[in-house]
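Residue strings, one per chain:
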There are 4 protein chains.
Amino acid sequence: MPRTEEQLNEIREEKRLLIMETALALFAKHGFHHVSISQIASSAGISKGLMYNYFSGKKDLLEKIISDSFKHFTENFDPNHDGVLEKHELLQFIDNAFDMIHDNFDFWKLFYTMLLRPSVFEIVIQKYEEMLEPLYKMLMTYFEKSGYEKPHREAVFFAAVMDGLAINYIIDPGHFPLEDIKEKVKSLYR
Amino acid sequence: MPRTEEQLNEIREEKRLLIMETALALFAKHGFHHVSISQIASSAGISKGLMYNYFSGKKDLLEKIISDSFKHFTENFDPNHDGVLEKHELLQFIDNAFDMIHDNFDFWKLFYTMLLRPSVFEIVIQKYEEMLEPLYKMLMTYFEKSGYEKPHREAVFFAAVMDGLAINYIIDPGHFPLEDIKEKVKSLYR
Amino acid sequence: MPRTEEQLNEIREEKRLLIMETALALFAKHGFHHVSISQIASSAGISKGLMYNYFSGKKDLLEKIISDSFKHFTENFDPNHDGVLEKHELLQFIDNAFDMIHDNFDFWKLFYTMLLRPSVFEIVIQKYEEMLEPLYKMLMTYFEKSGYEKPHREAVFFAAVMDGLAINYIIDPGHFPLEDIKEKVKSLYR
Amino acid sequence: MPRTEEQLNEIREEKRLLIMETALALFAKHGFHHVSISQIASSAGISKGLMYNYFSGKKDLLEKIISDSFKHFTENFDPNHDGVLEKHELLQFIDNAFDMIHDNFDFWKLFYTMLLRPSVFEIVIQKYEEMLEPLYKMLMTYFEKSGYEKPHREAVFFAAVMDGLAINYIIDPGHFPLEDIKEKVKSLYR
DNA sequence: GATGAATGAGCGTTCATTCAT
DNA sequence: GATGAATGAACGCTCATTCAT
């Protein structure tokens with residue numbers, strides 16, 4: 001008797017996640033180009049061939065990892081989903097951002113690793129921009145509303161500060177004065 | 001008439017530089033892993049074999065590029081070399097930093113590309129920290145002297161902000177509001 | 001109400017034929033090696049696994065297709081089954097041959113594709129020769145009876161001409177001057 | 001001291017030929033798709049990688065084999081290169097054709113193997129048509145000049161006859177009544 | 001010093017086949 | 001009978017590196 005559709009979906013979903021999690025951890029640790037399909041397969045305890053039942057190739061695997069994580073990220077942004085940022089939401093975002101990096105350390109490490117490597121990043125840039133645009137717009141609207149002189153500059157600056165802090169946190173989380181820095185950033189926007 | 005020892009050394013040094021510059025430009029454009037030794041050799045107009053007279057391998061070439069550029073970087077830092085930062089020096093540093101990135105764009109692009117890839121960066125991180133430490137100390141001393149509550153936090157924050165801005169500038173220099181951002185950063189420390 | 005043995009056999013035979021027809025069409029269009037079991041199965045609307053209930057493997061499937069088609073071919077040959085060829089039968093055969101190719105285009109395309117590939121053709125060559133021998137004998141008898149000097153030569157020549165024409169017809173049926181060629185061949189034996 | 005240009009050319013030409021001859025023999029024996037690069041390399045006594053110093057891939061290797069052989073073929077056609085076929089030249093061509101097949105058996109076996117396999121033949125079809133067109137034109141002109149009613153039909157027929165004979169000769173050269181057949185064909189055009 | 005032919009380990013990927021369900 | 005997840009050997013190909021000249 002063949003498996004039921006439900007059983008198959010369960011198996012497929014489990015394996016899909018297993019492969020993606022295994023690959024993400026390896027990509028984060030060694031970098032996309034330094035991880036071979038063989039390594040992923042053997043780390044996940046499956047055959048090389050099985051990978052290709054779930055993903056059309058190494059690039060596709062990366063894309064799926066990134067887009068899944070983005071989905072998770074965007075879902076946890078703009079708390080009340082009204083597209084408008086209030087001051088307390090911005091302050092809360094600053095707190096959340098570092099928690100998010102902490103909770104998805106591998107992903108964010110991979111993400112920032114890719115950010116400057118065109119050959120890898122182009123795979124993913126579109127999803128990145130789709131995700132980023134609403135955030136940028138919200139920030140600009142917020143800064144405009146709050147009376148800042150140059151909202152675009154403020155949005156760019158804010159994003160760059162968060163990137164810089166994220167990267168430094170990722171490089172050496174043990175020595176990063178996390179709470180102090182959170183306070184510092186929040187003090188700029190209080 | 002055979003060349004003198006000195007002339008030979010000069011020729012050697014020229015070739016060495018030629019290879020490094022060629023490789024740096026290619027690495028920055030396509031990424032380290034997407035540039036083959038063959039490409040570097042043919043771009044530089046030399047044979048593959050000759051590369052190995054100057055560098056022990058592809059990794060070695062990368063290391064030499066990074067560490068040479070650091071040397072150049074540190075030599076052009078700390079304006080009056082007294083180890084003490086004045087406010088006007090800090091403000092000037094902010095200006096200079098972006099100029100430096102602009103003038104050595106390929107290097108800084110490559111550098112930030114490598115920043116999160118332990119396997120490669122490990123090799124140069126020590127030189128990087130050696131170079132960074134006096135700056136950190138100067139910064140901390142300055143912030144302390146200027147009455148900041150948490151000098152360490154301020155130094156980390158400042159460095160991270162500069163990293164974040166550098167990265168965003170490198171990703172898309174055409175759309176980066178350079179002058180506005182310089183002003184913004186300086187305004188924080190005026 | 002369970003199906004009778006006969007009904008089951010009928011279903012089995014239908015599936016078998018479905019698979020063979022699907023595969024033949026794909027083999028003819030893309031070539032044996034460019035068609036995967038997955039493609040055949042999905043084209044036929046069955047699972048990969050089921051294929052192996054009907055055929056022991058891809059090679060076996062090919063063999064069965066070829067030998068089944070031969071069976072069909074031989075059954076529709078030698079019009080009055082008396083083993084003797086009359087001139088009008090030979091002339092009719094020439095007409096029929098092209099109709100036969102037209103009606104079973106996929107098969108003959110596949111067949112001629114395989115003709116020169118020993119590793120595959122070996123398998124069916126015996127059946128092919130069994131089928132061909134009576135024809136050869138009839139031809140030789142006919143040519144002998146008709147006063148040709150070298151009946152063997154004539155039989156070989158006739159068969160080769162028909163092969164050559166068949167192949168050229170198959171390569172580009174749209175541009176093949178079919179009726180003209182039929183006339184030409186028949187004129188040689190009128 | 002590096003090798004002279006001449007030495008390098010010699011080495012290159014030798015290896016190129018070695019690889020092509022080895023590959024042709026294997027392709028003819030087992031078919032293009034059944035021969036791996038590894039097999040060719042090990043048959044030729046070289047490494048896999050070296051193949052790619054001489055040919056850009058397996059397809060390119062095939063193309064070069066075919067086009068080199070075509071070159072050889074066309075050079076030995078139309079004896080006095082005046083683009084006009086005389087009766088004695090046609091009769092001589094018939095003799096030569098079988099000699100040519102005999103002398104380049106592997107090539108012609110490979111060629112006819114490919115003729116019906118679109119996926120392989122398309123690699124080579126252009127060169128084939130370039131080579132064939134002048135021949136077709138010469139034939140048509142000849143048949144027209146000689147008072148045949150339908151020159152196009154005659155050219156198609158002639159080419160098909162030669163194909164059919166070639167294929168049958170290639171399948172089983174030992175049992176092919178070569179001289180008798182040559183006479184037969186020539187008698188049609190005397 | 002300088003060359004480039006030569007190597008071979010390793011890559012991403014395919015696919016006929018197996019087998020638990 | 002029927003399914004499709006799973007396997008693994010083999011493929012075409014790349015490229016850092018070596019070394020005879």
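Details of the structure are given in the entry above.
Conventions and cut-offs
- Residues numbered from 1 in each chain as written.
- Chains lettered and ligands numbered in written order.
- Predicted model: local features only at pLDDT ≥ 70, side-chain atom pairs only at ≥ 80, totals over all residues.
- Heavy atoms only, no water.
- Helix = DSSP H or I, 4+ residues; strand = E, 2+ residues; numbered from the N terminus.
- Buried < 20%, exposed > 50% of the residue type's maximum accessible area, 1.4 Å probe, protein only.
- Lys, Arg positive; Asp, Glu negative; His and termini not counted.
- Charge placed at Lys NZ, Arg CZ, Asp CG, Glu CD.
- Contact = heavy atoms within 4.5 Å.
- Buried area = accessible area lost by both parts, 1.4 Å probe.
- Salt bridge = Lys/Arg side-chain N within 4 Å of Asp/Glu carboxyl O.
- Polar contact = N/O pair within 3.5 Å; in protein donor to acceptor, adjacent residues only side chain to side chain.
- Nonpolar A, V, L, I, M, F, W, Y, C, P; charged D, E, K, R; others polar.
- Core = buried A, V, L, I, M, F, W, Y, C linked by side-chain atoms within 4.5 Å.
- Least-squares fit on C-alpha atoms with pLDDT ≥ 70 in both.
- Axes fitted to C-alpha atoms, helices over the stretch in contact; angles between N-to-C directions.
- Parallel < 35°, antiparallel > 145°, perpendicular 65-115°, else oblique.
- Arc of directions from axis to C-beta.
- Phe/Tyr/Trp six-rings, centres within 6.5 Å; stacked < 30°, edge-to-face > 60°.
- Lys NZ or Arg CZ within 6 Å of the ring centre and 35° of its normal.
- Expected span 1.5 Å × (residues − 1).

**Q** What's the story with the overall build of chain A in this structure? I'm lost.
**A** Broken down by element type, chain A carries 10 helices and 0 strands. Taken along the three principal axes of its C-alpha coordinates, chain A extends 65 × 35 × 30 Å. Across the 190 residues in chain A, those meeting the buried criterion constitute 49%. The centroid of the 22 positive side-chain charges in chain A is displaced by 6 Å from the centroid of its 30 negative side-chain charges.

**Q** How should I be thinking about the interface of chain C and chain D in this particular structure?
**A** The accessible area lost on association of the parts is a frequent measure of interface size. Taken residue by residue, the interface counts 37 residues in chain C and 37 residues in chain D. Summed over both sides, the interface of chain C with chain D buries roughly 3300 Å², with 70% coming from carbon and sulfur. Where chain C touches chain D, the interface holds 4 salt bridges. When the shortest N-O distance is used, the salt bridge between D:Asp180 and C:Lys150 registers 2.8 Å. Our enumeration of links across chain C and chain D arrives at 9 residue pairs in polar contact (both at pLDDT 80 or more). Mapped onto the side of chain C that touches chain D, the elements with two or more residues apiece are helix H1 (5–30), helix H6 (105–114), helix H7 (118–145), helix H8 (151–171) and helix H9 (178–189) of chain C. Broken down by element, the side of chain C that touches chain D gets its largest block of residues, 14 residues, from H8(C). Considering only residue class, the side of chain C that touches chain D consists of 19 nonpolar, 8 polar and 10 charged.

**Q** What should I look at first to understand the nonpolar core in this one?
**A** Counting residues in each nonpolar core, the largest one holds 129 residues, and the members touching the most others are A:Phe27, A:Leu61, B:Phe27 and B:Leu61. Every residue in contact with A:Leu61, bar those within four places of it in the chain, is listed here: A:Ile19, A:Met20, A:Ala23, A:Phe27, A:Ile40, A:Met51 and A:Phe55. Within the second largest apolar cluster, 128 residues are counted, among which are C:Leu110, C:Phe157, C:Ala160 and D:Leu115.

**Q** In this structure, what is going on with the interface of chain A and chain B? I would like to understand it.
**A** Each partner contributes residues to the interface: chain A has 37 residues there, and chain B has 37 residues. Contact between chain A and chain B buries roughly 3300 Å² in total, counting both sides, with carbon and sulfur atoms accounting for 69%. In terms of surface lost to chain B, no three residues of chain A exceed A:Leu116, A:Arg117 and A:Phe157, which account for 21% of the buried area on that side. Summed over the shared surface of chain A and chain B, the result is 4 salt bridges. Where chain A meets chain B, there are 9 residue pairs in polar contact (both at pLDDT 80 or more). Listing elements by their share of the side of chain A that touches chain B, those giving two or more residues are helix H1 (5–30), helix H6 (105–114), helix H7 (118–121), helix H9 (151–171) and helix H10 (178–189) of chain A.

**Q** How should the environment of B:Lys145 be read in this particular structure?
**A** Residues and elements named next belong to chain B. When you line up the elements, Lys145 lands in helix H7 (residues 118–145). Lys145 sits 59 residues away from Glu86 along the chain, and the two C-alpha atoms are 9.9 Å apart. In contact with Lys145, other than residues within four places in its own chain, are Val84, Leu85 and Glu86.

**Q** Would you take a moment to explain the relation of the copies chain A and chain B for this structure?
**A** Applying a rotation about an axis and a shift along it to one chain copy brings it onto the other copy. With an RMSD of 0.7 Å, the operation that places chain A on chain B is a rotation of 178° combined with a shift of 0.1 Å along the axis. Both copies of the chain, as the preceding transformation shows, are related through a two-fold rotation axis. When each C-alpha of chain A is compared by its distance to the rotation axis, A:Gly164 comes out closest, at 2.0 Å. Comparing contact sets, 97% of the residues at the interface of chain A also lie at the interface in chain B, consistent with an isologous, same-surface contact.

**Q** What should I look at first to understand the relation of the copies chain C and chain D in this one?
**A** Superposition of chain C onto chain D requires a rotation of 178° combined with a translation of 0.1 Å along the rotation axis, giving an RMSD of 0.7 Å. When the interface residues of chain C are mapped onto chain D, 97% of them are again interface residues, pointing to one common binding face.

**Q** Even after reading the chapter, I still don't get the pattern of salt bridges, so can you show me in this structure?
**A** Side chains that carry opposite charge are capable of pairing whenever their charged atoms lie near each other. Tallied over the full model, the rule gives 46 salt bridges over all chains. Salt bridges sharing partners connect three or more residues here, namely A:Asp95, A:Glu183, A:Lys186 and A:Arg190.

**Q** Sorry if this is basic, but what is going on with the arrangement of the chains here?
**A** There is no contact between chain A and chain C; across them, the least C-alpha separation is 11 Å. Where chain B comes nearest to chain C, the C-alpha atoms are still 31 Å apart, and the two do not contact one another.

**Q** Where do I start with the packing of H8(C) against H9(C) in this structure?
**A** Packed helices, taken two at a time, are described by their axes: the angle between them and the distance between them. Residue and element names in this part refer to chain C. In contact at an axis separation of 12 Å, H8 and H9 are set at 175° when each is read in the N-to-C sense. Judged by the angle between their axes, H8 and H9 are roughly antiparallel. For the pair H8 and H9, contact is made by Phe157, Phe158, Met162, Leu165 and Tyr169 and by Leu178, Ile181, Val185 and Tyr189, respectively.

**Q** How should helix H2 (residues 37–44) of chain C be read in this particular structure?
**A** The periodicity of an α-helix, 3.6 residues per turn, causes residues three or four positions apart to be oriented the same way. Residues and elements named next belong to chain C. Taken together, the buried positions of H2 are Ile37, Ile40, Ala41 and Ala44. Along the axis of H2, the buried positions cluster into a sector of 95°, meaning they face one direction only. Of the residues trailing H2, Gly45 is marked for its positive phi of about 75°.

**Q** Looking at this structure, I do not really get the environment of A:Gly83. What am I missing?
**A** Residue and element names in this part refer to chain A. Here Gly83 is to be found in the loop between helix H4 (58–75) and helix H5 (87–103). Relative accessible area serves as the criterion here: at 43%, Gly83 is assigned to the partly exposed category. In this structure, the C-alpha to C-alpha distance between Gly83 and Lys137, residues 54 residues apart in sequence, is 8.9 Å.

**Q** What is the right way to look at the packing of aromatic side chains in this model?
**A** Aromatic ring pairs are defined here through the distance separating the ring centres and the angle between the ring planes. What the rule picks out here adds up to 66 aromatic pairs over all chains. Arranged with centres 5.3 Å apart and planes meeting at 75°, the rings of B:Trp108 and B:Phe111 form a pair that is edge-to-face. Of the two residues, B:Trp108 and B:Phe111 are both situated in helix H6 (residues 105–114); the distance of 3 residues between them amounts to about one turn of the helix. Overall, B:Trp108 belongs to the buried group, its relative accessible area being 7%. Linked through ring pairs, A:Phe93, A:Tyr142, A:Phe143, A:Tyr148, A:Phe158 and A:Tyr189 together constitute an aromatic cluster. A cation over a ring is seen here: C:Lys58 above C:Phe32, with NZ or CZ 4.6 Å from the ring centre.

**Q** Just to check I follow, could you spell out helix H10 (residues 178–189) of chain D for this structure?
**A** With 12 residues, H10(D) extends 17 Å from end C-alpha to end C-alpha; this agrees with the ideal 16 Å at 1.5 Å per step. Buried residues of H10(D): D:Ile181, D:Lys182, D:Lys184, D:Val185, D:Lys186 and D:Tyr189, and no others. Residues of H10(D) that are buried sit in contact with H8 of chain C together with helix H5 (87–103), helix H8 (125–145) and helix H9 (151–171) of chain D.

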